[in-house]
Amino acid sequence: MAEHSQSWRQYLGVFRYSQRAIGLVWQTSKPLTLVLAGATLVAGLLPAAAAWVGQLIVDGVVAAIDANAGVPNALLWLVALEGGIIAGIAAAQRALQTAQSLLRAQLGQRVNVMILDKAQTLQLVDFEDSEFYDKLTRARREASTRPLSLVNRTFGLLQNGISLASFAGLLIGFSPWAVVILLAAGLPQFFSEAKFSGDAFRLFRWRSPDTRQQMYLETVLAREDSAKEVKLFELGPLLLDRYRGIFERLYKEDRNLTLRRETWGFILGLIATLAFYATYGWIVATTVAGAITLGQMTMYLVVFRQGQAAVSASLSAIGGMYEDNLYLSNLYEYLEQPVEASTGTLTQGTTPGDGLRFEKVSFRYPGSEVDALSQISFHLQPGHSLALVGENGSGKTTLIKLLAGLYKPYEGRVLLDGSSLQDWQPEALRRRIGIIFQDFMRYQLPVGENIGSGDIQHFSDEARWQKAAERGLAERFIEEIPGKYHAQLGRWFKDGRELSGGQWQKIAMARAFMRESADILVLDEPTAAMDAAAEAEIFAHFSELTKDRMAILISHRFSTVRIADEILVLENGRITEQGSHADLVAAGGKYATLFELQAAGYQ
Ligand code: ADP
């Protein structure tokens, strides 16, 4: 019994999201929703009216033949009336289609904006969580068309429901049993539709990692930034094979489902046809027996046939709604994913001028078994610089991400001016930090905007672009590009120009200098791709560039590292050595060994 009610609830779940979808459509465009509703009502009622007039016409014709007195005017008026009704149905259908296609565009846009808006509120960790990323992908793939589809089907169901009620009203004059047959013959098809829709959704959901992989392969195979390697390493055929392999696997599942769905649909459809012809025979027999007129027979046949079409349209609408609901549940699951809202409100620390402190900070990536950082403590004062040194994977970038508030430590605190980063208002915190990541973005935007993106409040401020470019040593080569700050970068768009790695790095450097208010400057391998002259120049001015600021530097080059006031050596997420260059060399530890190794390489 419990199982029974469970499955009923499941079937009723069809309507769970209809209300929300209609709400969404209503907010998107009230006038269009009203047109949709009005046209639905009209399109629902008119077919029964047409059948009714049809009956009057046939009976009128029979009477006129019997009377043998020419064509009565009233009969011609009835014909005209039926024509008018049919035109009315056509008008209502057009109005429905028009409202639908206008709503489709608006609603698609609205839902996509909702999805992207939500993405802005997510934490970096969410993006790195593959399960959550799947939700996002699924939501983006389908959900922009699903809400309207659900609304269309809900209204379609309503329209067919209205038609059915009016048909039933006419048919009941023949026999209530005819109405029962009409409805019952459609039920088996409904259950099979609902079942297969559920299967289809589960398939869709379960395979979303595959779909994501497919999308990834598409990107690698057809994007300019991967083309070079794919060609030279001849990866194309291999990746394309994988791409095909995924398709074939997915296709096999799709095909099986489609075959089962259509076979059952056909078999169960036969029941409906059988019911129709049985009723047909019954109506014919009743007419011959003289119990109903010829006009009534015509009407009942039309009503029964159209009623059956309406039942099957309603059922497939319900099947489709079930599917839409499942997809929408995915959309709302994504939209309602709880985000950790920042509760910080401080725009100033409790001890301004204290600088940056890490107090026994530990951090572990979700799903990882070891700490990426453990027990990190240091203090960086304004006007000082700090360098992080360590092998790949020792935790340098993770430390920077914690400092920027992208991750939260699970133990210990990060303090800026005496207040924990969590207590800072996120915007106020970000304004204090200028950062270049090793994998900084190469925006397919003009040069100036690539620099301006470092400070959104001065995004289009040309004077600032220039000042920042000057500091990042990007000015000289930008002056040589035709179009200068307005030259399009990257290859995606017309007349785009590609830069060398070192030039891009100079742009990134300039971007970090855009934030004039930032007093924490973080440079993660900022000069790795620059030529030696450019690097020397940057570091010659380093202390001037970072005057009154806190600078944090990651580099594998000791010539760069040694200019920092303090150096932290990281190993497996722990600080193993700490001090100035001279201290560390004198201590004769790992730093000293590595330094000598590199210095020897240059001799
Ligand atoms: P570094 O910058 O010193 O090369 P990272 O801070 O990038 O090192 O990485 C430190 C450790 O954390 C490495 O073991 C790395 O595998 C792991 N790690 C880095 N980023 C992630 C991530 N997004 N998710 C899980 N583990 C990560």
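Position labels on residues start from 1 in each chain and follow its written sequence. In keeping with the model being predicted, local features are shown solely for residues with a pLDDT of at least 70 and side-chain atom pairs are shown and tallied solely at 80 or more, while totals for entire chains, interfaces and linings include all residues. Hydrogens and waters are ignored; side-chain quantities use all the structure's heavy atoms.

- Going by what an unreviewed UniProt entry lists, the chain is known as ATP-binding cassette domain-containing protein and is assigned to Spiribacter salilacus.
- UniProt positions are given in the numbering used here, feature names are shortened, and annotations may be inferred rather than shown by experiment. Within the UniProt record for the chain, the comment given under Subcellular location (unreviewed entry) is "Cell membrane".

Some details on the UniProt feature "transmembrane region" (unreviewed entry) in the chain
Alright, step 1. Within the UniProt annotation, "transmembrane region" (unreviewed entry) is assigned to residues 32-54, 74-92, 162-187 and 264-295.
Alright, step 2. In this description a helix means any DSSP run of H or I spanning at least four residues, a strand means any run of E spanning at least two, and both kinds are numbered starting from the N terminus. Within residues 162-187, the helical portion is 77% and the strand portion 0%, while the C-alpha atoms at the span's ends are 18 Å from each other.

Here's the deal with the site of the ligand
Alright, step 1. What surrounds the ligand is the set E128, Y365, A372, E391, N392, G393, S394, G395, K396, T397, T398 and Y407.
Alright, step 2. Within 3.5 Å is the distance limit for a polar contact, defined as a pair of N or O atoms, with the added protein rule that one can donate a hydrogen and the other accept it, and that residues adjacent in sequence qualify only through two side-chain atoms. Residue S394 places a main-chain N or O atom 3.2 Å away from an oxygen atom belonging to the ligand.
Alright, step 3. Here T398 contributes a side-chain N or O atom positioned 2.5 Å from an oxygen atom of the ligand.
Alright, step 4. Here the Shrake-Rupley method, with its probe set to 1.4 Å, supplies the accessible areas, and only the displayed protein chains count as covering residues. Compared with its free state, where it exposes 560 Å², the ligand has 60% of that area covered by protein. Only a single heavy atom is needed: when it lies within 4 Å of a molecule or strand, its residue is near that molecule or strand.

A few points about the domain arrangement of the chain
Alright, step 1. Throughout the structure description, domain borders are defined by an automatic or database domain assignment. Taken domain by domain, the chain comprises domain 1 (16-201 + 269-336) and domain 2 (356-601).
Alright, step 2. A C-alpha centroid distance of 61 Å is found between domain 1 and domain 2.
Alright, step 3. Residue contacts are counted whenever heavy atoms from the two residues lie within 4.5 Å of one another. On the domain 2 side, the residues contacting the 4 residues of domain 1 number 6 residues.
Alright, step 4. The buried area of a pairing is the accessible area, by a 1.4 Å probe, that goes missing from both parts when the two are put together, added over both. Contact between domain 1 and domain 2 buries roughly 390 Å² in total, counting both sides, with carbon and sulfur atoms accounting for 59%.
Alright, step 5. Counting the surface domain 1 buries against domain 2, the share from its top three residues, L124, V125 and E128, is 83%.
Alright, step 6. We define a salt bridge as a contact between a side-chain nitrogen of Lys or Arg and a carboxyl oxygen of Asp or Glu at a distance within 4 Å. Linking domain 1 with domain 2 are 0 salt bridges, by the criterion used here.
Alright, step 7. Applying the counting criterion to the domain 1 and domain 2 interface returns 0 residue pairs in polar contact (both at pLDDT 80 or more).

Examining the packing of aromatic side chains
Alright, step 1. Here a Phe, Tyr or Trp ring, Trp counted by its six-membered ring, pairs with any other such ring whose centre lies within 6.5 Å, and the pair is stacked when the planes are under 30 degrees apart, edge-to-face when over 60, and tilted otherwise. Going through the model one piece at a time under the given rule, you end up with 12 aromatic pairs.
Alright, step 2. A centroid spacing of 4.9 Å and a plane angle of 85 degrees characterise the contact between F276 and Y277, whose relative ring orientation is edge-to-face.
Alright, step 3. Each residue is placed in one exposure class: buried if its accessible area under a 1.4 Å probe, protein chains only, is under 20% of its type's maximum, exposed if it is over 50%, and partly exposed if it falls in between. The exposure class assigned to F276 is buried, which follows from its relative accessible area of 4%.
Alright, step 4. Seen from their ring centres, F363 and Y365 are 5.0 Å apart, and the 85 degrees between their planes marks the pair as edge-to-face.
Alright, step 5. Overall, the relative accessible area of 5% leaves F363 in the buried class.
Alright, step 6. When the ring centre of Y332 is taken as origin, the NZ or CZ atom of R20, which lies over that ring, is 3.9 Å away. As a reminder, the over-ring test applies to NZ of lysine and CZ of arginine, requiring each to be within 6 Å of the ring centre and within 35 degrees of the ring normal.

Some thoughts on the nonpolar core
The nonpolar side chains of soluble globular proteins are, as a tendency, buried together.
Alright, step 1. If you look at the biggest cluster of nonpolar residues, it comprises 57 residues, and the most contacted ones within it are L171 and Y334.
Alright, step 2. Put simply, the parts of the chain that give this core at least two residues each are α2 (18-28), α3 (30-67), α4 (73-121), α6 (130-142), α7 (146-171), α8 (176-184), α12 (236-288) and α13 (294-335).
Alright, step 3. The greatest single-element share of this core, amounting to 17 residues, is contributed by α13.
Alright, step 4. Among the nonpolar cores identified, the runner-up in size contains 44 residues, and L473, A487, M514 and A564 belong to it. Residues belong to one nonpolar core when they are buried, are Ala, Val, Leu, Ile, Met, Phe, Trp, Tyr or Cys, and are joined through side-chain atoms within 4.5 Å.

Overview of the packing of helix α10 (residues 208-221) against α12
A pair of packed helices can be characterised by two numbers: the angle between their axes and the separation between those axes.
Alright, step 1. The angle between two axes is taken between their N-to-C directions and runs from 0 to 180 degrees, where each axis is a line fitted to C-alpha atoms and a helix contributes only its stretch in contact. Interhelical geometry of α10 versus α12 gives an angle of 150 degrees and a closest axis separation of 10 Å. As judged from the angle between their axes, α10 and α12 are roughly antiparallel. In this structure, α10 meets α12 at a crossing whose hand is left-handed. Between α10, through D210, Q213, Q214, L217, E218, V220 and L221, and α12, the contact on the second element is made entirely by G236, L239, L240, R242, Y243, I246, F247, R249 and L250. Any angle that falls under 35 degrees is termed roughly parallel, while one over 145 is termed roughly antiparallel, one within 65 to 115 roughly perpendicular, and all others oblique. What makes a crossing left-handed is the near helix being turned counterclockwise from the far one by less than a right angle; a clockwise turn instead makes it right-handed.

A look at the environment of Y300
Alright, step 1. Examined against the element boundaries, Y300 turns out to sit in helix α13.
Alright, step 2. On the accessibility criterion, Y300 (4% relative accessible area) is buried.
Alright, step 3. Separated by 133 residues in sequence, Y300 and F167 have C-alpha atoms that sit 8.8 Å apart.
Alright, step 4. The residues contacting Y300, other than those within four sequence positions of it, are L170, L171, G173, F174, I283 and I292.

Observations concerning the sheet that holds strand β1 (residues 356-363)
Alright, step 1. Read across the sheet, 4 strands follow the order β2-β1-β4-β5 without closing on themselves; strand pairing throughout is antiparallel. Each of the sheet's edge strands pairs with one partner strand only, and the pair in question is β2 (373-380) and β5 (419-420).
Alright, step 2. Alignment of β1 against β2, held across 5 bridges, turns out to be antiparallel. Bridge pairing links R357 to H379 in β2.
Alright, step 3. Each of β1 and β2 is contacted by helix α14 (residues 396-403), which is oriented at about 120 degrees to β1, the strand it contacts most. At least two bridges found by DSSP between two strands are what make those strands a pair.

Remarks on unusual backbone geometry
Alright, step 1. Phi is positive for K360, close to 45 degrees, though the residue is something other than glycine.
Alright, step 2. Relative to the helices and strands, K360 resides in strand β1.
Alright, step 3. Positive phi values are uncommon outside glycine, yet L473 reaches one of about 65 degrees.
Alright, step 4. On the accessibility criterion, L473 (13% relative accessible area) is buried.

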